[in-house]
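Structural characterization, general
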Amino acid sequence: MIRPCLLFLFIWAGAQVQGQSEALGVLALPDSLRQNANSVVMAHDLEYRVTSLRSATILERWVVTLLNSRHDREDLIIAAYDGESKINTFEVAATDLFGREFFRAKKGNIQDERVTSEVSFLEDRWVRYTKVPCTAYPCTIAVEIERKLTDFAAMAFPHWSPVQRDQSLVKSTFTAYVPNEIDLLYASSLVADPQVSVEGKDRIYRWTLENIPAQPSEPLAPVATETLPYVRVALGDFQIENYRGSFSDWSRFGSFIGSIMTGRDQLPDQLAAEVHAVVEGAATDRERVDRLYRFMQTRCRYVSVQLGIGGWQPFSATYVDENRYGDCKALSNYMGAMLKEVGIASYPVLINSSDVPYYAIREDFATSAFNHMVLYVPSEEMYLECTSKHAPTGYLGESTLDRGVLWITPEGGRLARTPSLVPSEHGHLRSVTQTLDGDNAVEFELSATYFGGAQELFRELAAYFGSTQDRLDWLHRNNFLPDVSGSAFTYTVAEDAPEVTLAYNTTLNSRVRKMGSRRFFALNPHPYTNIPDPQEERRLPVDYRTTRFLVDTVRVHYDESLEIESGLLSEALVYEHAVGEYRAEMRATDEGLLWIRTLLLRPALVPAEEFPEFRQFFVDVAKAESIQLVFRERRTK
Amino acid sequence: MIRDFCTLVFCLMTIQVAAQSTPEVSFGRVTDEERALMEVPGDPTADAYVLYDRLSLDFEYSDSDGPSLTERHHRRVKLLKPSSFDRANITLTFNREYAEISEVEAFIHLPGGGSLPVPAAQIYREKLEGTREAFKFTFPQVSEGAIVEYRYLERRKNILIPSSYTFQEDIPVRWAQYDAMIPPYYRYVSLTAPRLDVNEVKLTPRAWGPRFNTGAYNGGQQKIEHSDILWAMRDLPAFRNQPYSNNAGDYLPSVRLQLQAVQYPGSPERSIFSNWKETVKELQDRQDFGRYYRNKINYNALWKAAEPLIAQQASEGEKIEAAYAFINRNISWNGNYDMLASKTPDQVFQSKSGNSADLNIALLSLLNEAGVEAHPLLVSLRNTGAPIEQYPLLHQFNHLMVYTEADGKPLLLDTGSADRPAGLPRERALNHRGWVADKSDPRWISLDVPSSRQVMMLDVDVAESGEAEVVVKSRMLDYFAFDGRTALNQRKSDAEAPMVPAILQVMPEARVTSFSAEEPDDAPRNQFTYELRLTAPVAQAVDDHLYIQPILLPLVDGELADVDTRSFPIDFPYPWQQRYVANLRLPAGYALEEAPAPVRLRAADGSMTATYQVQEVSPGHVSVVYTVILDRTLYAADEYPALREMFRRITELQTSPLIFKKQL
């Protein structure tokens, strides 16, 4: 009995000593590691031990010193686990500036909580966490977490990203112990190659990093995996339950996914008959695809249930048909099964759905950087988003366009890319007529068509706000409409095209400011005024990702007794930059004037040193958008 | 005996027996009319419709465990549009320490005919954090026109506070019913009295309860008269919230019961929470309330650490400040609110973290030990219900502060942020009234805070191009100071520095050149002095004119003027005053040609005033003085039109330009 207790004390004493010495070490930090840092990783060691084809342990120890309260919630220590992973060690202690321990995680301040992601209904994921009560800075936190992983949990490989933005690093190591018969595959960025050695039955890979200054967070920066040290790992051979797989190339990884989906596309007889009835009389495969996609949208809904193997393997087509719901995998599998029934081939597609994928996949390194599944119909070159009940057939949302994806073909995985983002396919055509009436009143008429990525929000709005009043309130709150008390409101969602149109009329009583003989009037009711924050010294490139083509026309009608004193454009205003083109012009009309503006925005990677020009483009645009017309009583000649 | 029960029952509530027709609803069976319905009568845009919702309260008695409470829930909802399909995903949560859910059953009724049960294997029981658990299930074959129906039984060991019931929802309701069968031994008080469509209370004999030795035949169970209650509402429209509302949920018709007294046969009545005086005694005897701050064994270590800082203070006011600062410096708030402590003050101090009650009870222990009279102050947070003073209902409270007095004046203490000075509770706690749990004098008090003030002095040097160099000096008091200091300390970028977001809203092209706070060590925490320098295109240059926008920092936003009609009161958290003084210096040769006439706006009751005045101090030098004062925080819904008009006119003033002309 005595020996284990002594051992326990010894381990704890060791951890304490380390925490204290690191805490004191913060006093000796060079300025280069303090600059731009809200925290400093004093030491970080990640040990990855692959124990078999289907199991591994991950031991992570780190000591981080928080320099101020602006750190990125690094006082919250979290470890995730589920039915296939277990936390063996969860130890957290904290010391103050003088190395005095003021916190140690104990049963009373460690919590376990189930986490269900926003898009899921049922998941079997948990987190263990504790919050270190840092009330004064610097505050040094020492952590040791060990987790044991099996099966699917073991596929969550411990990619190494030891330092984050606004954080500097003194020293970190990543050591992987892998049985000789299994290949460790890795792709690294901004890290030197590992030292490799052999120790008994294991090959050992060891990466080391030292003295990395803090990289400040900057808006519109590329994802951190591209600008900070990062090592991504995978295994050449693994087993999950009875399925063997490999990440040695995309084809084999795709084969593995294909194997766990095998046999799940059998349609119940009654559904098979219905499927044939649905496509009866369709002249082309495209029409068949369209009819079956609509059939699925009407019949099924998205419900995410991720329990056990269900996190990777889809519910069978029979299950989906019985329940009429499923997650992205289940619905894609179901749709694919129906297409197969009528002789149309399709591939499940692994994809990352997000504004910007956190890791851009590459041809030479197979990895699972995906969080979603869609379906691809090769004969029609068409992707189908099977979780949407209201997308037009073949429409892929902006969050899935222009990125690497993995087609799961019968022959194995094949890397592909979703269609690129083209500005002319995403934007709006909006027209406003404003008639000045009396001293202050303005008759306001709006009609607009939103298309592509710009219509997605409006399509969702139509699906989730059934009531007209709810839609009006939302549009007003988000500045698409000037009030909620108008008339002639229409809101039309095109079924077969990614388009939403709306119209609205109202009378505005506060748009004109009368000052003596003059009236001031802001011409553009929807100015584009997104200006990036100024930065004296930009360090990272600008990864601009917006794709839009915005066309606005504003007609201003006014009485003959008035004339415009200022605000008229004598010639077109034109601004150009790698990220966009702006053009605005005015024309006289019989009733007053017409202002036409086109604004094209496109993705571009702008070097850090060109940030001032990048920002200036948006400053120019904002100025040009904020045109104020000054009317005065017409002077007789 | 029966007479006594009647009396008891009739004491309970105003009886209004009005026999009304209640729908005959059998679980698992829907009518053809319900199945065929595809639109809510009177609301064709509604995406779902509650056809039937019922909560039945009942009681059970076991000789070993005593009384317990059962609540049967039965709900039937018509799904009319795909936007409502998420309503088919059901989560029933409970805390297994106090309750248990069982007998969960669910059916879906398909629009084309037929009904399907949700298989028991697809009703999942999940463990959540701590002792919380949930039943989760979703319905198969959901489609437009389908009806989802489920029921379950919830048992609670504690009969003190049954679940509250709300008749109205965010979608229309055809029938909502609360019924209860209450044994005569229990006297409940109901908090709300909605205008019910059915209000039926009668006495119904029923076998229940402990086997009392009432006569020659021991151990028999007799039938006794229960209060048999049926409250229902029909055809309720969907509920809609409005901006600047507080406690909007209070405007929903609901039932909230709390046990007031228990009287078993042959025993004297035992009051549970008969009045506030009794309530305070109960609370003070609780370990997690009174004893934590009155028994030194619970706060010895905390006091030992804080004593050197507190005891050296000469005055009581300084002791209060020192204790308040000590807690803020040494214990961080974990983001949770509560009216009861989760740990002793010593444990809270050791863990350096706690909920709002943990922190403030720790403060109470220090004040108590330092000889400062202080008491717990319980409040319901904003938007969690208006205070109810008539009955000692404890579950209305969800936050604990500290009431004390300094220089004979009330002082409200609410630790949790070093940036918020003593006397300023959290904004969320400003729900008008709070209850002081003073054992000798429990009482309700108004949560009055001083009017927060801000003065902004701007020097604006305008160039001929319209671009201006602007220096803003601002002195902020109370909540303005807290907001300013917080914004400065927590900013992620310069664009989030105090005042900058508001300026960028008006002038997106503005560019901040510097900002700084004057924070001498001895500066009171309720003050914040701040300077901001920027360049901004404040004027439009046209020929020989400059049109200047002098208000760079609007004092009111337009949101209040946005709603056409108002159903609920407008409720601001605290009173405030803002004064904006801009000194505009024009390029040589420019003179003021036109400016808005001086304006003085005053609400009919004087609770809100706004003044605006432009004065040409000297050629090329103009001052603009603009003030808005809001003295009242609560305005009734019928006062909205007048208030909205004030806001509209103030908003107009904020955007009115000044016109300067170059003298030739």
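As named in an unreviewed UniProt entry, chain B is DUF3857 domain-containing protein, taken from Neolewinella litorea.

Within an unreviewed UniProt entry, the label attached to chain A reads Transglutaminase domain-containing protein, and the organism entered is Neolewinella litorea.

Let's shift gears to the domain arrangement of chain A. All names here are of chain A. The domain architecture assigned to chain A consists of domain 1 (2-222), domain 2 (249-417) and domain 3 (424-633). In this structure, domain 1 and domain 3 have C-alpha centres spaced 48 Å apart. In this complex, domain 1 contributes nine residues to the contact, which on the side of domain 3 involves eleven residues. Taken together, the two surfaces of domain 1 and domain 3 that pack against each other cover about 840 Å², and 57% of this comes from carbon and sulfur. A per-residue breakdown of the area domain 1 buries against domain 3 is headed by E218, L220 and P222, which together make up 62% of the total. Our enumeration of links across domain 1 and domain 3 arrives at one salt bridge. Put simply, E218 and R538 hold a salt bridge, and the shortest N to O gap is 3.6 Å. Its residues assigned to classes, the side of domain 1 that touches domain 3 shows five nonpolar, two polar and two charged.

Attention now moves to the domain arrangement of chain B. Residues and elements named next belong to chain B. Domain annotation of chain B identifies domain 1 (2-16 + 34-213 + 223-271), domain 2 (276-446) and domain 3 (452-662). Tallying the contact residues gives twelve residues for domain 2 and 14 residues for domain 3. When domain 2 packs against domain 3, the two sides together hide about 1,100 Å² of surface, and 55% of this comes from carbon and sulfur. Counting across the domain 2 and domain 3 interface gives two salt bridges.

What follows covers the packing of helix α5 (residues 300-311) of chain B against helix α8 (residues 356-369) of chain B. All names here are of chain B. Orientation of α5 relative to α8, taken along the N-to-C sense of each, is 60 degrees, at an axis distance of 10 Å. On the basis of their axis angle, the class for α5 and α8 is oblique. Crossing hand, α5 versus α8: right-handed. Packed against α5, whose contacting residues are L302, W303, A306 and I310, the element α8 presents A362, S365, L366 and E369 at the interface.

Evaluation of the coordinates by the stated rule reveals one disulfide over all chains. Not part of a disulfide, A:C386 finds its nearest cysteine sulfur in A:C328, a span of 9.5 Å.

This part is about the UniProt feature "domain: DUF3857" (unreviewed entry) in chain A. In the numbering adopted here, UniProt assigns the feature "domain: DUF3857" (unreviewed entry) to residues 105-214 of chain A. Secondary structure over residues 105-214 of chain A splits into 4% helix and 55% strand, and the C-alpha atoms at its two ends are 28 Å apart.

What follows deals with the side chain of B:T404. Mapped onto the fold, B:T404 is located in strand β20 (residues 399-406). Excluding residues that lie within four positions of it along the chain, B:T404 makes contacts with B:I320, B:V372, B:E373, B:A374, B:K409, B:P410, B:L411 and B:L413.

The next thing to look at is the sheet that holds strand β21 (residues 372-377) of chain A. Sheets are built from strands paired through backbone hydrogen bonds, the pairs being either parallel or antiparallel. Residue and element names in this part refer to chain A. Spatially, five strands are ordered β22-β21-β20-β23-β24 in an open sheet, and the strand pairing comes out antiparallel. Of all the strands in the sheet, the pair left with one neighbour each is β22 (382-384) and β24 (412-417). Strand after strand, the sheet turns through a mean of 35 degrees between neighbouring axes, direction not considered. Pairing geometry for β21 and β22, over three bridges, is antiparallel. The residue of β22 that forms the bridge with V377 is M382. Packing against the sheet, helix α9 (residues 328-341) makes contact with β21 and β22, and its axis sits at approximately 15 degrees to β21.

Before going further, it helps to examine the UniProt feature "domain: DUF3857" (unreviewed entry) in chain B. When the UniProt feature table is mapped onto this chain numbering, "domain: DUF3857" (unreviewed entry) sits at residues 69-184 of chain B. Spanning residues 69-184 of chain B, this segment combines 0% helix with 56% strand, and its end C-alpha atoms are found 14 Å apart.

Residue and element names in this part refer to chain A. Counting residues in hydrophobic clusters, the biggest one holds 74 residues, and the most contacted among them are Y48, I141 and F253. Of all the elements, helix α5 (residues 250-261) adds the most residues to this core, at six residues. Residue contributions to this core reach at least three from each of two domains, namely domain 1 (2-222) and domain 2 (249-417). Sequence-distant contacts of F253, defined by excluding residues within four places in its chain, comprise M155, S246, F247, L350, T367, S368, F370 and L406.

Given 3.6 residues to a turn, an α-helix orients residues that are three or four positions apart in the same direction. Residues and elements named next belong to chain A. Helix length check: helix α10 (residues 453-464), at twelve residues, gives a terminal C-alpha distance of 18 Å against a target of 16 Å (1.5 Å per residue), a fit within 8%. Looking at α10, one finds that the buried residues are G453, A454, Q455, F458, R459, L461, A462 and A463. On its buried face, α10 sits against β25 (427-437), β26 (441-451), α11 (468-477), β27 (487-493), β28 (499-508) and β32 (548-557).

Attention shifts here to the pattern of salt bridges. Pairs can form between side chains of opposite charge whenever their charged atoms are close. One pass over the full model with this rule turns up 77 salt bridges over all chains. Ionic pairing is found between A:E210 and A:K171, a salt bridge with its closest N-O pair at 4.0 Å. On the criterion of sequence distance, the pair formed by A:E210 in strand β13 (residues 202-212) and A:K171 in strand β10 (residues 167-179) is long-range, its members being 39 residues apart. What makes A:K171 partly exposed here is its relative accessible area of 38%. Between B:K296 and B:E369 there is a salt bridge; the shortest N-O distance is 3.2 Å. Of this pair, B:K296 sits in the loop between α4 (287-294) and α5 while B:E369 sits in helix α8, and the two are 73 residues apart along the sequence. On the accessibility criterion, B:K296 (33% relative accessible area) is partly exposed. Overall, the relative accessible area of 28% leaves B:E369 in the partly exposed class. Residues joined by salt bridges that share partners form a network here, namely A:R518, A:E563, A:E565, A:R632, B:E593 and B:E594.

This brings us to the packing of helix α6 (residues 269-279) of chain A against α9(A). Residue and element names in this part refer to chain A. One can describe the packing of α6 onto α9 by two numbers: an axis separation of 9 Å at closest approach and a directional angle of 65 degrees. One element, α6, and the other, α9, form an angle in the roughly perpendicular class. Here α6 runs over α9; the crossing is right-handed. Every residue of α9 that contacts α6 at L271, A272, V275 and H276 is listed here: Y334, M338 and E341.

Thresholds applied
Residues numbered from 1 in each chain as written. Chains lettered and ligands numbered in written order. Predicted model: local features only at pLDDT ≥ 70, side-chain atom pairs only at ≥ 80, totals over all residues. Heavy atoms only, no water. Domains from an automatic or database assignment. Contact = heavy atoms within 4.5 Å. Buried area = accessible area lost by both parts, 1.4 Å probe. Salt bridge = Lys/Arg side-chain N within 4 Å of Asp/Glu carboxyl O. Nonpolar A, V, L, I, M, F, W, Y, C, P; charged D, E, K, R; others polar. Axes fitted to C-alpha atoms, helices over the stretch in contact; angles between N-to-C directions. Helix = DSSP H or I, 4+ residues; strand = E, 2+ residues; numbered from the N terminus. Parallel < 35°, antiparallel > 145°, perpendicular 65-115°, else oblique. Left-handed = near helix turned anticlockwise from the far one by under 90°. Disulfide = S-S within 2.5 Å. UniProt positions renumbered as here; feature names shortened; annotations may be inferred. Pairing = 2+ DSSP bridges. Core = buried A, V, L, I, M, F, W, Y, C linked by side-chain atoms within 4.5 Å. Buried < 20%, exposed > 50% of the residue type's maximum accessible area, 1.4 Å probe, protein only. Expected span 1.5 Å × (residues − 1).

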